[in-house]
Amino acid sequence: MKHILFFLIVCIILLLILLHFHRKKKKLIHKIRCLSFHDKCRFLNELCEPLGYRYEPDQDIFTSTTDAWQKFYGYGDIYDKLAPLGCMVFDSLPVYFDYCGKTWLIECWKGQYGINTGSEVGVYHADGIVPPEKRRTTIFAAVPEYEYLDMRTELLYRGRPIANISAAHWWLTIFSMGHVSKPRDLTLNVSIRFPDTEMRNAFIDSLLQAGCDPDSIGICFNTVLFTFAAHCHKTGCLDRLILLKLRFFCCLYRFVTRPFTCTCDKLLYLYFYLPFAFRHMLRLKRFKHHRKEYRYGMPPEIK
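Because the structure is predicted, anything quoted here is derived from the model rather than measured.

Novice: Summarise the overall build of the chain; cite the residues concerned and give the values.
Specialist: Within the chain, the regular secondary structure consists of 8 helices and 12 strands. Each of the 303 residues in the chain was classed as buried or not, and the buried ones make up 48%. Taken as a whole, the chain presents about 16,600 Å² of accessible surface, with 61% of it coming from carbon and sulfur.

Okay, here's the thing in structure tokens:
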């Protein structure tokens, strides 16, 4: 008899907990839907900017800011090798060339970043000339503001556009959350305007040496247009397991946030309803420490 009573008490407590979360969920969904889209985007950007990203509502994507913290760590081949540890599977196209007494690295990426399908174009250089045999072991610094290049990128999935973005930047990115793609299914169209003909020609020569299809390269004055479509990443068992894992998490993300269709709404819903999931998705390691600071900037309708 005691066991039955204990079981009933436990069931009642669980039922009350479920009812509490259900009421909280319905109330939160209503509040998010009533909030203006402008306020939601502003608040989401307050959360994401410390991570080096901003939300672009017109295309429902994330892109990197020019003052992103990643800028201070430069880039090198070792980062690509360690990518699977961060649940990233992508193709990369590093282009090294010498110009104005420095070795430059302009690298393109396309593939999967967590539950984000995305692409990147980064611009870096060393302090001097780096011999070819040492380029793969060198960490190149991100270019300063006065050396930013005017760039435009367009990411496509099996020929269908995902998004496009243009800016004077050192690291131009596109991240579409909630989608999983194999790198070979993605195509990246890139346009880069160089300051002079010498730099343009040095880049084109190295781009051809890196294996880019000559038929995919176009030139308009000092602007170079090319397509990065080749699947140069050898997909091994580890990469297949990572993609399988990411597909599961992507389905889970869509299931939990199914009341909404816009990424902005989905993430704000997770932020208030399941904050641990929000932290994990955006890798907010120090988020808990700063949460009160962010709350002061919250829209009043959602507090």
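Next comes the rest of the description.
Novice: Explain the packing of aromatic side chains to me, using residue names and the numbers behind them.
Specialist: The description of an aromatic ring pair uses the distance of the two centres, along with the angle that the planes make with each other. Evaluated as defined, the whole model comprises 22 aromatic pairs. Between Tyr75 and Tyr124, the aromatic rings sit 5.8 Å apart at their centres with planes inclined by 35°, giving tilted as the arrangement. In this pair, Tyr75 is assigned in the loop between β2 (61-64) and α3 (77-81) and Tyr124 in strand β5 (residues 116-125), connecting sequence segments 49 residues apart. Of the two residues examined, Tyr75 and Tyr124, each falls in the buried class. The interplanar angle of 55° and the centroid separation of 5.5 Å between the aromatic rings of Phe260 and Tyr269 together place this pair among those described as tilted. Residue classification places Tyr269 among the buried positions, given a relative accessible area of 0%. Put simply, the rings of Tyr53, Tyr75, Tyr79, Phe90, Trp109, Tyr113, Tyr124, Trp170, Trp171 and Phe175 pair up and form one aromatic cluster. The ring of Phe255 is capped by Arg258, whose NZ or CZ atom sits 4.2 Å from the centre of that ring. If you follow Lys266 out to its NZ or CZ, it ends over the ring of Tyr253, 5.5 Å from the centre.

Novice: An account of the environment of Ala210 is needed here, citing residue identities and associated values.
Specialist: Tracing the backbone shows Ala210 in the loop between α4 (197-209) and β11 (218-220). Through-space distance from the C-alpha of Ala210 to that of Tyr96 is 8.5 Å; in sequence the pair is 114 residues apart. Beyond its immediate stretch of four places on either side in the chain, Ala210 contacts Leu93, Pro94 and Val95.

Novice: I'd like a rundown of the packing of helix α2 (residues 37-48) against helix α6 (residues 263-273), residues and numbers included.
Specialist: Two numbers describe how α2 lies on α6: the axes approach to 10 Å, and their chain directions differ by 60°. Considering their axes alone, α2 and α6 lie oblique with respect to each other. Like other packed secondary-structure pairs, α2 and α6 cross with a definite hand, here left-handed. Contacts between α2 and α6 involve Phe37, Lys40, Cys41, Phe43, Leu44 and Leu47 on the former and, on the latter, Cys264, Asp265, Leu267, Leu268, Tyr271 and Phe272. For the contact of α2 with α6, the class distribution of residues is 10 nonpolar, no polar and 2 charged.

Novice: Provide a residue-level description of the side chain of Glu154, including the pertinent values.
Specialist: Note that Glu154 resides in strand β7 (residues 149-157). Summary of buried charges: Glu154 has no salt-bridge partner, and the nearest side chain of opposite charge, Arg152, is 4.7 Å away. If near-sequence neighbours (up to four positions away) are discounted, Glu154 is found in contact with Pro161, Ala163, Asn164, Thr187, Leu188 and Asn189.

Novice: Could you give me a rundown of a nonpolar patch on the surface, with the residues and numbers involved?
Specialist: A cluster of nonpolar side chains, Ile78, Leu82, Leu85 and Ile139, forms an exposed patch at the surface whose accessible area comes to about 410 Å². Along the chain, the position of Leu82 falls in the loop between α3 and β3 (88-99). Using a relative accessible area of 46% as the deciding quantity, one classes Leu82 as partly exposed.

Novice: Could you give me a rundown of the sheet that holds strand β8 (residues 160-169), with the residues and numbers involved?
Specialist: Reading across from one edge, β8-β7-β10-β12-β11 is the order of the 5 strands in this open sheet, with antiparallel pairing throughout. The two strands at the open ends of the sheet, each matched to only one other strand, are β8 and β11. Geometrically, the sheet is characterised by an average inter-axis angle of 15° between neighbouring strands, direction not taken into account. Pairing of strand β10 (residues 186-193) with strand β12 (residues 223-228), which is carried by 6 bridges, proceeds in the antiparallel orientation. Bridged to Ile192 within β12 is Val224. Contacting β7, β10, β11 and β12, α4 crosses the sheet at an angle of about 20° to β12.

Novice: Tell me what's going on with the nonpolar core, and back it up with residues and numbers.
Specialist: In this structure, Phe97, Ile106, Tyr124, Ile192, Phe203 and Phe226 are the most contacted members of the largest nonpolar core, which totals 83 residues. Ranked by residue count, the leading element in this core is α6, at 8 residues. Once residues within four sequence positions are removed from consideration, Phe226 is found in contact with Leu93, Cys108, Leu188, Asn189, Val190, Ile192, Phe203, Leu207, Cys212, Ser216 and Ile217.

How each quantity is defined
- One numbering rule holds for all chains: residues counted from 1, following each sequence as written.
- Per-residue local features are limited, in this predicted model, to residues with pLDDT of at least 70; the limit for side-chain atom pairs, both in listing and counting, is 80 or more; totals at the level of whole chains, interfaces and linings are taken over all residues.
- Values shown for side chains rest on all heavy atoms present in the structure; no hydrogens or waters enter the calculation.
- Helix and strand definitions follow DSSP, with helices as H or I runs of at least four residues and strands as E runs of at least two, each counted in order from the N terminus.
- To sort residues, take the accessible area from a 1.4 Å probe on protein chains only and compare it with the maximum for the residue type: under 20% means buried, over 50% means exposed, and anything in between is partly exposed.
- Computed by Shrake-Rupley with a 1.4 Å probe, the accessible areas treat only the displayed protein chains as cover when residues are assessed.
- Here a pair means two rings of Phe, Tyr or Trp (six-membered ring of Trp) with centres within 6.5 Å. Their orientation is stacked below 30 degrees between planes, edge-to-face above 60, and tilted elsewhere.
- Geometrically, a lysine NZ or arginine CZ counts as sitting over a ring once it is within 6 Å of the ring centre and also within 35 degrees of the ring normal.
- The criterion used for residue contact is that any of the two residues' heavy atoms lie within 4.5 Å.
- Axis lines are fitted through C-alpha atoms, for helices just across the contact stretch, and the angle between N-to-C directions can take any value from 0 to 180 degrees.
- Our angle categories are set so that under 35 degrees counts as roughly parallel, over 145 as roughly antiparallel, 65 to 115 as roughly perpendicular, and the remainder as oblique.
- Each crossing is labelled by how the near helix is turned from the far one, with a counterclockwise turn of less than a right angle marking it left-handed and a clockwise turn marking it right-handed.
- Side-chain classes are defined by residue name, with Ala, Val, Leu, Ile, Met, Phe, Trp, Tyr, Cys and Pro counting as nonpolar, Asp, Glu, Lys and Arg as charged, and the others, Gly among them, as polar.
- Two residue types count as positive, namely Lys and Arg, and two as negative, namely Asp and Glu; His and chain ends fall outside the count.
- Only one rule defines a salt bridge in this text: a Lys or Arg side-chain nitrogen within 4 Å of an Asp or Glu carboxyl oxygen.
- Exposure above 30% relative accessible area and no salt bridge define the residues that can form patches, which grow by joining like charges within 9 Å and nonpolar side chains of Val, Leu, Ile, Met, Phe, Trp and Tyr within 5 Å.
- What makes two strands pair is DSSP finding at least two bridges between them.
- Put simply, buried Ala, Val, Leu, Ile, Met, Phe, Trp, Tyr and Cys residues joined by side-chain atoms within 4.5 Å make one nonpolar core.

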